[in-house]
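# Notes for the structure review
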Amino acid sequence: MAGRIDARLQELGITLPEPPVPVASYQPYVVSGNQAVIAGQVTFLDGKLRHVGRIGEEVSIEEAEAATRLCALNVLAQLRAACGGDLDRVRKVVRLNAFFNCTPDFRDHPRVMNAASDLMAEIFGEDGRHTRVGVGVNSLPLNVPVELDGTFEIA
């Protein structure tokens, strides 16, 4: 029988992707005590980058929002793996951190970050509300527009 969070994902029409394979020398997640810390996730889907470029140049705000949502789905895919396949183990989304590959004059970080924050609240309800940081940087690995990581309390 599907768990509560799997049922919520189905209700929302969300299918989590396969967790992306790390592209360098790091772990995709670490579980320590009652926390799962998910490494930075980029815009991979089915082994291919779906969004590339700099926000404010090649990437529109709307595409940046879609890229951020994809990163959040990849974070959740890694979280599911960290929880042994059971997202009902998640007690709280503690913190999300996003890095935006953007032009120096880009100012809509909060709007773009909402794509991840709103998704967590849709899925986990009140337990999905979290602290966050979203900062602009002058480059990211593989020239992706967004990299997102997260910290979660788990049972």
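To be clear, the structure that these remarks concern was listed above.
I will try to describe carefully the structure that is included in this document.

## Structural notes on the nonpolar core
- Ranked by size, the top nonpolar core spans 37 residues in total, and within it L79, L148 and F152 carry the most contacts.
- Elements with a contribution of two residues or more to this core: α1 (4–12), β2 (35–41), α2 (61–82), β5 (90–101), α3 (109–124) and β7 (146–154).
- Here this core takes nine residues from α2, the largest share from any one element.
- Those residues within four positions of F152 in sequence are excluded, and the remaining contacts are N34, Q35, A36, I38, V75, L79, V90, K92, V93, V94, L96 and M120.

## Re the side chain of T68
- Counting through the fold element by element, T68 comes out in helix α2.
- In this structure T68 comes out as buried when scored by relative accessible area, which is 0%.
- A distance of 2.8 Å separates the side chain of T68 from the backbone oxygen of A64, its partner in a polar contact.
- Ignoring sequence-local partners within four residues, the contact set of T68 consists of F100, V112, A115, A116, V146 and L148.

## A few points about α2
- With 22 residues, α2 should reach 32 Å at 1.5 Å per residue; the first-to-last C-alpha distance of 31 Å fits that figure.
- Just beyond α2, the residue with positive phi is G84, at close to 65°.

## Quick notes on the side chain of N74
- Positionally, N74 belongs in helix α2.
- In this structure the side chain of N74 is engaged in a polar contact, spanning 3.0 Å, whose partner is the backbone oxygen of V42.

## Section: the packing of α1 against α3
- The geometry of α1 relative to α3 is characterised by a closest axis approach of 9 Å and an angle of 120° between their N-to-C directions. Judged by the inter-axis angle, α1 sits oblique to α3. Of the residues in α3, those in contact with I5, R8, L9 and L12 of α1 are E122, I123 and F124.

## Points about the sheet that holds β7
- Pairing in this open sheet of five strands is mixed, and the strands run β1-β2-β7-β5-β6 from one edge to the other. This sheet does not close on itself; its edge strands, each paired only once, are β1 (29–32) and β6 (131–137). Neighbouring strand axes in the sheet, compared pairwise and without regard to direction, differ in orientation by 10° on average.
- As defined by bridge partners, β5 adjoins β7 across nine bridges and the pair is classed as antiparallel. Residue pairing for β7: V93 is matched across the bridge by F152.
- Across the sheet, α2 lies against β1, β2, β5 and β7, angled at about 35° from β7, the strand it touches most.

Reading the values: rules and limits
- Residues numbered from 1 in each chain as written.
- Predicted model: local features only at pLDDT ≥ 70, side-chain atom pairs only at ≥ 80, totals over all residues.
- Heavy atoms only, no water.
- Core = buried A, V, L, I, M, F, W, Y, C linked by side-chain atoms within 4.5 Å.
- Buried < 20%, exposed > 50% of the residue type's maximum accessible area, 1.4 Å probe, protein only.
- Helix = DSSP H or I, 4+ residues; strand = E, 2+ residues; numbered from the N terminus.
- Contact = heavy atoms within 4.5 Å.
- Polar contact = N/O pair within 3.5 Å; in protein donor to acceptor, adjacent residues only side chain to side chain.
- Expected span 1.5 Å × (residues − 1).
- Axes fitted to C-alpha atoms, helices over the stretch in contact; angles between N-to-C directions.
- Parallel < 35°, antiparallel > 145°, perpendicular 65-115°, else oblique.
- Pairing = 2+ DSSP bridges.

These results come straight from atomic positions and should not be treated as a statement about function.
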